[in-house]
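So the chains spell out like this:
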Amino acid sequence: MIKRLIAGGKRLFGLHHPGRNHQVFPDDVFLVSYPKSGNTWTRFLIANLVYPDRNPDFSNINDLIPDPEALQKRRLDRLPRPRIIKSHQYFDPRYPKVIYIARDPRDVVLSEYHFDIKRRAIGEDYPVQQFVSRFVRGEVNHPYGTWGENTATWFYTRHNSPRFLLVTYEALQSDAVPEMGRIADFLGIAADKQRIAFAVEQSSADRMRELEKKQAHLWSSTRETRSDKPFVRKAKAGGWRTELPESSVAEIETAWGAMMRNLGYELAVSSLAHAGAE
Amino acid sequence: MPGRSDGMIAHLVAGTKRLLGLHRPGRSLVILPDDVFLVSFPKSGNTWTRFLLANLVHPEQAATFANIHRLIPDPSVTTKREFDRIGRPRIIKSHECFDPRYPRVIYILRDPRDVVLSQYHYHRKLKRLADDSPLEKFVARFLAGETCPHGSWGENVTTWLTSRHNDPRFLLLRYEDMVADPRRELTRVAVFLNMTPDAQRISQAVERSAADQMRKLEKAQSDQSSLTKDSRKDLSFVRAAKSGGWSSELPDSLVEQLEAKWGHIMTFLGYELATSKALSIEPEMVSFMPDKPR
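Conventions we followed
- Residues numbered from 1 in each chain as written.
- Chains lettered and ligands numbered in written order.
- Predicted model: local features only at pLDDT ≥ 70, side-chain atom pairs only at ≥ 80, totals over all residues.
- Axes fitted to C-alpha atoms, helices over the stretch in contact; angles between N-to-C directions.
- Helix = DSSP H or I, 4+ residues; strand = E, 2+ residues; numbered from the N terminus.
- Parallel < 35°, antiparallel > 145°, perpendicular 65-115°, else oblique.
- Left-handed = near helix turned anticlockwise from the far one by under 90°.
- Contact = placed C-beta atoms within 7 Å.
- Nonpolar A, V, L, I, M, F, W, Y, C, P; charged D, E, K, R; others polar.
- Buried ≥ 20, exposed ≤ 12 C-beta atoms within 10 Å, placed from the backbone.
- Arc of directions from axis to C-beta.

Digging into the packing of helix α7 (residues 147-158) of chain A against helix α13 (residues 246-262) of chain A
Residue and element names in this part refer to chain A.
- Running from N to C, α7 and α13 point in directions that differ by 40 degrees, and their axes come no closer than 10 Å. Accordingly, the angle class assigned to the pair α7 and α13 is oblique. The chirality of how α7 crosses α13 is left-handed. Contacts between α7 and α13 involve Trp147, Gly148, Thr151, Ala152 and Phe155 from the first element and Ala255, Trp256, Met259 and Asn262 from the second.

What about the packing of helix α6 (residues 135-143) of chain B against helix α13 (residues 252-269) of chain B?
Residues and elements named next belong to chain B.
- Direction vectors running N to C along α6 and α13 enclose 5 degrees, while the axes themselves pass 10 Å from each other. With respect to α13, the axis of α6 lies roughly parallel. Across from Leu135, Glu136, Val139 and Leu143 in α6, the residues of α13 making contact are Leu254, Gln257, Leu258 and Lys261.
- Residues of the contact of α6 with α13, tallied by class, amount to 5 nonpolar, 1 polar and 2 charged.

Quick notes on α6(B)
Residues and elements named next belong to chain B.
- Listed in full, the buried residues belonging to α6 are Phe138, Val139, Phe142 and Leu143. Down the axis, α6 shows its buried residues gathered within 135 degrees of arc, on one side only. Exposed side of α6, more than 90 degrees from the buried face: Glu136 and Lys137 are the residues found there.
- Buried residues along α6 sit against α5 (112-125) and α13.

Notes on unusual backbone geometry
- For the bond from A:Arg81 to A:Pro82, the omega torsion is 0 degrees, close enough to zero to count as cis.
- The topology assignment puts A:Pro82 in the loop between α4 (73-77) and β2 (84-87).

Dropping the structure here:
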């Protein structure tokens, strides 16, 4: 009962985190991805593109590209519009415009594995195979669905829509400037190459590592996590080729092979590579 | 600032309701691991199926428009306090797009050409549309997903099929199959619910939920149901209760628009297209869902 009263009081004053229940405005743009798919990096890229004079860093990123699960309702409601809002949600019909970041699930699971060690959700000796199985069953990030559910519910509903922009983490890694050009067009921002190049530079892995060192305590995702493990890790694609056991690769490709192929990710298990294409 | 204090009062009323459990839980409903959700896009036969299920699972009392929200509760209508008194396992009504928290789902599909007509008539009954409101305009809004808060027909169906089709926790029902053979389809539901499919009990549930029976109940109880309260009495909620009305009621040009947008999904689901304007079937969609539904 006391818990309920506290929650009620917070709600009354708009101090709660609205999560999926927040109000959506018709000019909102959502930056959506499954967790550990490069959302934070893209948030910095877009913040540096749209608000270059605000010097985006871990202390103000939540005011620039807010996260409804980490920002109080009162502050979320008062942000200047149009808002660009971070989200990990599976399909939500209310989102008017969506930039969806997709990433190879074989890398996503490794990133999640290391992040869960950093935030002490699992120990350092937790077996990777077991982690992958839980990941495939949707037990690791269950409020957001499985990787396949999250990606498919957006992709198959919106991929032909002018209100939807699909960006892969891998393309952002290899061609950041042209990919950011697509994002700028989608946001209706007239940005020349120079401005885009500046945003990419300001959001480089090295610079973000430096910021993390100084500001880890200021940001909800790194506060109270292990400081011997970095949040900004390798910032590379394809780590799974050396780090992920073959059986785990097969498990992921069996679950989501068709969706992976649709995103252009080549399958490593040859018996799956052409199955189901008829 | 009168607007501000009005807002504050509404806020306080909502807070008090919450404290007393008189609010509708909506999306904040605490979902239990043995819950079964009865999901569909609006106007796809959800109420009929709700009656069928209520009459199957609770044969001791016939389902009516007055008790249905306690037998098969609706998180946007049934209050939190009533929810807390419902026996488990619960069967819960929903129109939501994919939600990973739903443990088991019965999903009802219906031909979108009939769904749009049913929704058009229902919105007239609810006085959201005037009698002479052009059908063309409504179809355009329907295609854009603007006629209800649950996505477009295509979005709602796609989010469930791409995530759960062929999953043992998911049962796909077509409204058309239920109209054609309700006993057979209700037997499938009973099996899905781990009930022994007793033929007599199933027949009784089908009879108690027949269109004529539901029309009688509607006449007597229209003011006791959130589905019909304050709506026009000259139009009925239980309408034709048939499939295929679109072929005489929906102009060709509108059929063409619906099929152009959703023809690939409709074909996959076994709905024959009337026009050739449908987009070619999207290969990715097919490869994601390799098996035809039954």
